[in-house]
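Residues per chain are reported as follows:
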Amino acid sequence: MTPASHAGQPVPVLALDHLTRSYGSLTAVDGVSLRLPPGARHAVIGPNGAGKTTLLNLIAGTDRPGRGTIALNGTDVTRASTAKRSRLGIARSFQQPSVIGELTVLDNIVLAGWTHHPKSRGAWRSPSRYRLHTESAARHLETVGLAHLAHRPASELSHGQRRMLDLAAALAGDPRLLLLDEPAAGLTDGDIGRLLAILGALPASVAVVLVEHHVEVVAEVATSVTVLAAGRVLVTGPTAEALAHPEVREAYRNTVPDLVTGSPEARG
């Protein structure tokens, strides 16, 4: 179930080779290699401290590896800035939703998508061009169920609404690779249902890497899973196989397979 040869297959949307990041004596990510095809729906799971968020930070460019390489659609971005990676198609959400409270909900999305819009230059001075931005932003708000709050200050949103706004901001750049860091954390059952509907409706052109503790969400969204433990890859493979792997059972104290199969004991 570890990655095999990809000769003759499409160029991976994301290729990690022996990615390593240490902080002093602590190695947070230890020699991680991964290949994801275009349109992948991939989850990264593991116990607390396994290195999941650090791995997303390395892919997004907010942290730099000590060793290893990162390629996006065949282009080496290991030393590229976060801004360049964003222009190349990487977008992300955060554990703590990143919103600007002083701006309206709509303008948060306008700002998030600004540099990606083909008619961004001079748009602040052109009412017609600015309208194109707001129309695009409004569509993203409609997608995440926040259209009715478009003109409210983002500071007035609930936690769940901020999470949805953060997701809309990530989508505003029309990403090729969407990185989601615990998007279901703190959401109600209704909000999780909406999140699953949004992710399920994403076009196949968008690849998703999901870090999530809700194994039910992982099982619903991801077709493949990487399990990290102490910064290393424990197993990578199709979701059902990876979650049922004996070492994963041990890492999750025998709860993960039950959650996947939906046993009453696990749900209780």
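A brief structural summary.

**Details of the pairing of strand β7 (residues 177-181)**
Here is step 1 of the chain: For β7, a buried count of five out of five residues is recorded, marking the element as mostly surrounded by other parts of the structure.
Here is step 2 of the chain: Across three bridges, the pairing between strand β6 (residues 90-92) and β7 is parallel. Paired with Ala91 across the two strands is Leu178, which belongs to β7.
Here is step 3 of the chain: Where β7 and strand β8 (residues 207-211) come together, five bridges link them in parallel fashion. Paired with Leu178 across the bridge in β8 is Val208.
Here is step 4 of the chain: Taking the sense of rotation as the criterion, the β-α-β connection linking β7, helix α6 (residues 189-200) and β8 turns out right-handed.

**Some points on the sheet that holds strand β3 (residues 41-45)**
Here is step 1 of the chain: Strand order in this open sheet of six strands is β6-β7-β8-β3-β9-β10, and the pairing throughout is mixed. Looking at the sheet topology across the chains shown, the edges are occupied by β6 and β10 (232-238). Each neighbouring strand pair of the sheet contributes to a mean axis angle of 15°, computed without reference to strand direction.
Here is step 2 of the chain: The sheet contact formed by strand β9 (residues 224-229) and β10 spans six bridges and is antiparallel. By the bridge assignment for β10, Thr226 is matched with Thr236.
Here is step 3 of the chain: The strands touched by helix α1 (residues 52-60) within the sheet are β3, β6, β7, β8 and β9, with β7 carrying the most contacts at an inclination of about 150°.
Here is step 4 of the chain: Of the strands in this sheet, β6 and β7 touch helix α5 (residues 159-171), which is tilted by about 160° from β7.

**A word on the pattern of salt bridges**
Here is step 1 of the chain: Here the structure, examined in full by the defined rule, presents five salt bridges.
Here is step 2 of the chain: Two residues, Asp17 and Arg35, come together in a salt bridge whose shortest N-O distance is 3.0 Å. Of this pair, Asp17 sits in strand β1 (residues 14-23) while Arg35 sits in strand β2 (residues 26-36); the two residues are 18 residues apart in sequence, bridging distant segments of the chain.
Here is step 3 of the chain: Given a relative accessible area of 25%, Asp17 falls into the partly exposed group.
Here is step 4 of the chain: Arg92 serves as the salt-bridge partner of Asp181, at 3.6 Å between the closest nitrogen and oxygen.

**Some thoughts on the nonpolar core**
Here is step 1 of the chain: In this structure, Ile109, Leu141, Leu165, Leu178, Leu210 and Val225 are the most contacted members of the largest nonpolar core, which totals 48 residues.
Here is step 2 of the chain: The leading source of residues in this core is α5, at seven residues.
Here is step 3 of the chain: Grouped together as the second largest cluster of nonpolar side chains are 27 residues, Leu16, Leu36, Ile70 and Val77 included.

Definitions and limits used
Residues numbered from 1 in each chain as written. Predicted model: local features only at pLDDT ≥ 70, side-chain atom pairs only at ≥ 80, totals over all residues. Heavy atoms only, no water. Buried < 20%, exposed > 50% of the residue type's maximum accessible area, 1.4 Å probe, protein only. Helix = DSSP H or I, 4+ residues; strand = E, 2+ residues; numbered from the N terminus. Pairing = 2+ DSSP bridges. Right-handed = clockwise from strand over helix to strand, strands pointing away. Axes fitted to C-alpha atoms, helices over the stretch in contact; angles between N-to-C directions. Contact = heavy atoms within 4.5 Å. Salt bridge = Lys/Arg side-chain N within 4 Å of Asp/Glu carboxyl O. Core = buried A, V, L, I, M, F, W, Y, C linked by side-chain atoms within 4.5 Å.

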